[in-house]
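Structural overview for review
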Amino acid sequence: MSSLDEFGLIRMLTEGKQPESLLRAGGVETGIGDDAAVAEATPGMRLVMTCDTMNEDIHFKRITMRDADIGFKAMASAVSDIAAMGGIPRYALISLSMPKGTEPERVRSIYDGLYESAARWNVMVVGGDTTSCTGGISLGVTVIGEVEPGRALLRSAARPGDAVFATGLLGRSSAGLDLLLNRAIPAGNWGSFDPQEEALVQAHCRPEPQVNAGRLLLESGMCRALNDISDGLASEAWEVAEASGVGIDLVEDRIPVADELYAYAARQGKDPMDYILYGGEDYQLVGTVPAGQALELQLRCKAAGVPLHIIGCVTGEAPGVRLVQSSGFLLNLGKRGYNHFAEEGG
Ligand SMILES: Nc1ncnc2c1ncn2[C@@H]1O[C@H](COP(=O)(O)OP(=O)(O)O)[C@@H](O)[C@H]1O
Ligand SMILES: Cc1ncc(C[n+]2csc(CCOP(=O)(O)OP(=O)(O)O)c2C)c(N)n1
Ligand SMILES: [Mg+2]
Ligand SMILES: [Mg+2]
Ligand SMILES: [Mg+2]
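To keep things clear, this report deals only with the structure shown in the data block. Bear in mind that the values here come from a model prediction, so they are computed numbers and not experimental data.

1. Structural notes on the environment of Leu22
Residue placement: Leu22 occurs in helix 2 (residues 20-25). Between the alpha carbons of Leu22 and Gly145 there is a distance of 17 Å; along the sequence they are 123 residues apart.

2. What about the sheet that holds strand 6 (residues 138-147)?
If you trace the four strands from one edge of the open sheet to the other, you get 3-6-4-5, paired in mixed fashion. Edge positions in the open sheet fall to strand 3 (46-55) and strand 5 (124-132), since each of these has one partner strand only. Looking at each pair of strands side by side, their axes are set apart by 15° on average, direction ignored. Where helix 4 (residues 104-120) meets the sheet, it contacts strand 4 (88-98), strand 5 and strand 6, and its direction lies at approximately 170° from that of strand 4.

3. A few points about the packing of helix 6 (residues 195-205) against helix 9 (residues 259-268)
Put simply, helix 6 and helix 9 touch, their axes get as near as 9 Å, and they point 105° apart. Put simply, helix 6 runs roughly perpendicular to helix 9. Mapping the contact onto sequence places Gln196, Glu197, Ala199 and Leu200 in helix 6 and Asp259, Glu260, Leu261, Ala263, Tyr264 and Arg267 in helix 9.

4. Observations regarding the site of ligand 2
Every one of the 13 residues lining ligand 2 counts as a neighbour, but His59, Ser230, Asp231, Glu281 and His340 are closest to it. Here an oxygen atom of ligand 2 sits 2.9 Å away from a polar atom, N or O, in the side chain of His59. Within the complex, the protein chains bury 86% of what would otherwise be the 590 Å² of accessible surface of ligand 2. In this structure, ligand 2 is accommodated by the largest pocket. Looking at side-chain class alone, the shell around ligand 2 contains four nonpolar, five polar and four charged residues. Of the residues that make up the shell around ligand 2, three or more belong to each of domain 1 (6-147) and domain 2 (155-333).

5. Comments concerning the sheet that holds strand 9 (residues 247-251)
Spatially, seven strands are ordered 8-10-7-11-9-12-13 in an open sheet, and the strand pairing comes out mixed. Of all the strands in the sheet, just strand 8 (226-228) and strand 13 (330-333) have a single pairing partner and so form its edges. Within the sheet, the average angular offset between the axes of one strand and its neighbour, ignoring direction, is 25°. As judged from the four bridges shared by strand 9 and strand 11 (residues 309-315), these two strands associate in the antiparallel manner. Across the sheet, residue Gly247 finds its bridge partner in strand 11, namely Thr315. Sheet strands touched by helix 8 (residues 233-244): strand 8, strand 9, strand 10 (285-290), strand 11, strand 12 (320-324) and strand 13. Its angle to strand 12, the strand with the most contacts, is close to 130°.

6. Quick word on the site of ligand 1
Looking at ligand 1, the residues that line it are Asp52, Asp81, Arg155, Asp228 and Ser230. Measuring from an oxygen atom of ligand 1, one finds a side-chain N or O atom of Arg155 at 3.0 Å. The contact in question runs from an oxygen atom of ligand 1 to an N or O atom on the side chain of Ser230, over 3.5 Å. Considered on its own, ligand 1 offers 560 Å² of accessible surface; in the complex 28% of this is hidden by protein. Here the residues of the shell around ligand 1 sort into no nonpolar, one polar and four charged.

7. Describing the packing of aromatic side chains
If you walk through the whole model with that rule in mind, you get four aromatic pairs. On the basis of an interplanar angle of 50° and a centroid distance of 6.3 Å, the ring pair of Tyr111 and Tyr115 is categorised as tilted. A residue pair is termed a helical-turn pair when its members lie 3 or 4 positions apart in one helix, as Tyr111 and Tyr115 do in helix 4 at four residues. Like Tyr111, the residue Tyr115 is buried in the burial classification. Ring geometry for Trp190 versus Phe193: centroids 6.0 Å apart, planes at 50°, classification tilted. Judged by relative accessible area, which is 6%, Trp190 ranks as buried. In this structure Phe193 comes out as buried when scored by relative accessible area, which is 10%. We note Arg206 situated over the ring of Phe72; from NZ or CZ to the ring centre the distance is 4.4 Å.

Criteria and thresholds
- Residues numbered from 1 in each chain as written.
- Chains lettered and ligands numbered in written order.
- Predicted model: local features only at pLDDT ≥ 70, side-chain atom pairs only at ≥ 80, totals over all residues.
- Heavy atoms only, no water.
- Helix = DSSP H or I, 4+ residues; strand = E, 2+ residues; numbered from the N terminus.
- Pairing = 2+ DSSP bridges.
- Axes fitted to C-alpha atoms, helices over the stretch in contact; angles between N-to-C directions.
- Contact = heavy atoms within 4.5 Å.
- Parallel < 35°, antiparallel > 145°, perpendicular 65-115°, else oblique.
- Near = heavy atom within 4 Å.
- Polar contact = N/O pair within 3.5 Å; in protein donor to acceptor, adjacent residues only side chain to side chain.
- Areas by Shrake-Rupley, 256 points an atom, 1.4 Å probe, with all protein chains shown as cover.
- 1 Å grid on protein atoms, 1.4 Å probe; cavity = no way out; pocket = protein on both sides within 12 Å on 5 of 7 lines; lining within 4 Å.
- Sits in = over half its atoms within 2 Å of the grid points.
- Nonpolar A, V, L, I, M, F, W, Y, C, P; charged D, E, K, R; others polar.
- Domains from an automatic or database assignment.
- Phe/Tyr/Trp six-rings, centres within 6.5 Å; stacked < 30°, edge-to-face > 60°.
- Buried < 20%, exposed > 50% of the residue type's maximum accessible area, 1.4 Å probe, protein only.
- Lys NZ or Arg CZ within 6 Å of the ring centre and 35° of its normal.

Take a look at the structure:
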């Protein structure tokens, strides 16, 4: 980072990435360059606010993600929390910390990915903060969005008798991570993955937050609770169960397993459910709908091209999550998922 000072660096990373006309159309009055950003709030809407951080060696390593993927995924994971509220993402602030001596090319690529992700979900990057640090790279993304008053989809809204659903396929990101860690080839030089492996790697490096699904679920008026899956299905279902004061039964035979996950898990001698329940970083949504409306919601989602799988039900049991196994055995699932402060790290 020798040839650039902090301000030159910020300019290099952000200048011209989102043209003035786009920012204006997106509601930005004052963007990057002043003490703070000023942007429009849609009259009558509420703000939805969230942040997520990606740290080197915790969320990514040189062998697991290309630099552009890091930026893409940092934005995607924050947008996912807006999606999980049924909100519309609008603005983002980026907090970048990196060790002195980081190659400018590296951060430039991270920002390419960040802006690619921002464009995808129509998010205006309005500011941030850049600092040096002693560890690895850290990228924090704050996203501000909007939602109709009183309509946000909360973890606490599940009721006994609801059906439990998940959008899309789970466990693939975690299997992709497993694959990348086992191969231990520097990111960008992979080259040798077969198409099924490539799909797992893609799920890990380029997750797709379910913004359209979240909006559809809110607008349907049928969805009760909603949560995004960052730490694994078991952990996120537990969050809904505890916040709502209900039990959740997941039915193993109803949880879809992607072909590529099935094949990879079989090769590893592992159960695909381990990736699905405890892996995380899928950024799909898990939620509940009154059972009598589940089919209607499913049809409405299908018509909009949003997959919705009914994977279980909400019970009046004490808060907890159980798996109805294919054998019929009822297994109590631990709160286990990715845990930053677990002894073994995760
Ligand atoms: N350091 C913190 N200070 C204040 N609030 C926090 C902090 N970390 C997390 N939270 C809040 O705690 C809640 C749960 O956070 P987290 O588990 O990270 O959410 P998610 O998994 O959906 O990203 C959120 O409301 C989040 O804003
Ligand atoms: C090198 C590496 N090791 C392990 C993981 C797995 N991992 C790291 S953080 C995480 C959970 C999601 O991150 P978190 O910061 O907890 O997101 P949040 O729940 O706050 O959205 C997972 C599964 C990874 N992505 N990369
Ligand atoms: Mg978090
Ligand atoms: Mg979340
Ligand atoms: Mg999150």
